[in-house]
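# Structural features, examined
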Amino acid sequence: MVYNLTKFQHYDGTTTSDIMPSLVRFECVNGVLPEMGSLTVVLNAPVLDTSGNTITLDRGDVLWPYFYQAAAYGIPTGWACPMAGYVTDIKQEGDTLTITAESLVTPLLRSTFSGSYTANPYAYSILTDIVDGYTPPISHEVYQFFALYRPAYGAAQIPIDQRIDNVSFDKTQVAAIYQYFSEFPASASLANVLSTAFAYYYIKDSAPNLPLGMGIQWSGYGNHPISASQLTYDNYLLSMVQWKDSAESVLNDVTIKTKGTGLYQKTDAASIAAHGQRATTLYRPMYTDVTYAQVHADTMVAALKDPKVRCSATLDANALIHREATGLNWVFQIVDDVAGRTEDVVLSKFTLRWPEMIAECEFDNAAISLNRAGIRMDNRVTNLEAAVP
């Protein structure tokens, strides 16, 4: 089913307006942690709503696209919002305005959090405390959702039940805390599954003021919906698939330094022999107990010691925005008849362009993309020559 852009909404802290009549084009970017999005909008000036009223935009206002799918063939009515943002910049050239907005989640990631935990809480309890204590710049609902699925478990949701003890944060930036926990196992029930987070936006038409909410979904990396979409050159794929070097995702030597003098190093000899030493040293001051640094490093190396499939392609955007979602962290199956490859891949980032209704997508099966996460790599290809026969 096809989604159509039926509204482009503006909220100034008091009133919601549909400024679709002035919309020329927009581009939104959304991705899994740490690339959680932005919005760029081009409008005709003056900006008019659907009733012909002139609308004034200012920094801090909220903008978002509203996609709608009419009910048909037994499929119910649906809506989707791939990105919503606070206006950060307004530039006018002649009768055209270019608006830049940052994701609604960005102020949360910039904020700081303090807390100490000694009662062996679930890791998700700490993340819940962060969200519960956050007040957004413009009042709107902020919701955190925890979900982890794997095909072997059918439709059942796997518990996100990893615990962590003796950790503390002293005015720590929330973005750093989310990064720390993305390197930590998602679940005690599954081995070698790292975590991730991404923002999603949901429509609240019954809300009296701002009919929009922001959600943060926390999950094991690579959520497997029961029926992921298949992408082929006859179905959604609009460009050739660009396959990337899978070895770039390898991480086989991780050292975690804790508060004080604690230190733990984990290596994988077989991976180093095959791919060269790919090492990083991470300072994680939340830990006072090296036990958790060990869990942290062991999980990272186990999850990243082998090459992971990575690629990019341009899609029909309807492949992503159906089911009231954006497809982030879902597993899609790409069938590339030209290259003779069929791979299950995780959507890690997209750039959606309207009115073209295309999405430039990055797929990456590595739970931590090293070029995105800012992880410093030491001796990136040390011993690589020795690995070549």
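Description of the structure in this document.

What counts, and where the lines are drawn
- Residues numbered from 1 in each chain as written.
- Predicted model: local features only at pLDDT ≥ 70, side-chain atom pairs only at ≥ 80, totals over all residues.
- Heavy atoms only, no water.
- Salt bridge = Lys/Arg side-chain N within 4 Å of Asp/Glu carboxyl O.
- Buried < 20%, exposed > 50% of the residue type's maximum accessible area, 1.4 Å probe, protein only.
- Pairing = 2+ DSSP bridges.
- Helix = DSSP H or I, 4+ residues; strand = E, 2+ residues; numbered from the N terminus.
- Contact = heavy atoms within 4.5 Å.
- Phe/Tyr/Trp six-rings, centres within 6.5 Å; stacked < 30°, edge-to-face > 60°.
- Lys NZ or Arg CZ within 6 Å of the ring centre and 35° of its normal.

### Considerations on the pattern of salt bridges
For the coordinates displayed, the defined rule picks out nine salt bridges. Linking Glu 102 and Arg 110 is a salt bridge whose minimum nitrogen-to-oxygen distance equals 2.9 Å. On the basis of relative accessibility, which here comes to 18%, the residue Glu 102 falls in the buried class. A salt bridge links Lys 305 to Asp 306, with the shortest nitrogen-to-oxygen separation between them at 3.0 Å. Connected via shared salt-bridge partners are Glu 27, Arg 353 and Glu 360.

### Observations regarding the pairing of strand 8 (residues 96-103)
As defined by bridge partners, strand 4 (residues 38-44) adjoins strand 8 across seven bridges and the pair is classed as antiparallel. Bridging from a neighbouring strand, Thr 40 pairs with Thr 100 of strand 8. The turn linking strand 7 (residues 85-93) back onto strand 8 is made up of two residues, and Gly 94 within it adopts a positive phi angle of 65 degrees.

### A look at the side chain of Thr 255
Inspection of the secondary structure puts Thr 255 in strand 16 (residues 253-257). Look at Thr 255 and you get buried, because its relative accessible area is 9%. Ignoring anything within four residues of it in the chain, the contact list for Thr 255 reads Leu 263, Tyr 264, Gln 265, Thr 280, Thr 281 and Leu 282.

### Observations regarding the packing of aromatic side chains
For the structure on display, the rule yields 12 aromatic pairs. A centroid spacing of 5.1 Å and a plane angle of 10 degrees characterise the contact between Tyr 122 and Tyr 124, whose relative ring orientation is stacked. The ring of Tyr 122 carries the charged tip of Arg 163 above its face, separated from the ring centre by 3.8 Å.

### Focus on the environment of Trp 354
Summarising the element assignment, Trp 354 is placed in strand 21 (residues 341-354). With 37 residues separating them along the chain, Trp 354 and Ala 317 place their C-alpha atoms 9.3 Å apart. Those residues in contact with Trp 354 that lie beyond four places of it in its chain are Leu 5, Met 20, Leu 23, Val 24, Arg 25, Phe 26 and Phe 67.

### Some thoughts on unusual backbone geometry
The omega torsion across Leu 33 and Pro 34 is 5 degrees, close enough to zero to call that bond cis. Position of Pro 34 among the secondary structure elements: in the loop between strand 3 (23-31) and strand 4. With an omega of 20 degrees, the peptide bond between Trp 354 and Pro 355 qualifies as cis. By the element assignment, Pro 355 lies in the loop between strand 21 and strand 22 (358-364). Positive phi is not limited to glycine here, since Asn 120 has a value of about 55 degrees. On the secondary structure map, Asn 120 appears in the loop between strand 9 (112-117) and helix 2 (123-132). Residues other than glycine seldom take positive phi values, yet Asn 166 does so here, at roughly 55 degrees. The topology assignment puts Asn 166 in the loop between strand 10 (141-146) and strand 11 (167-173). Looking at Asn 166, the relative accessible area reads 31%, which means it is partly exposed.

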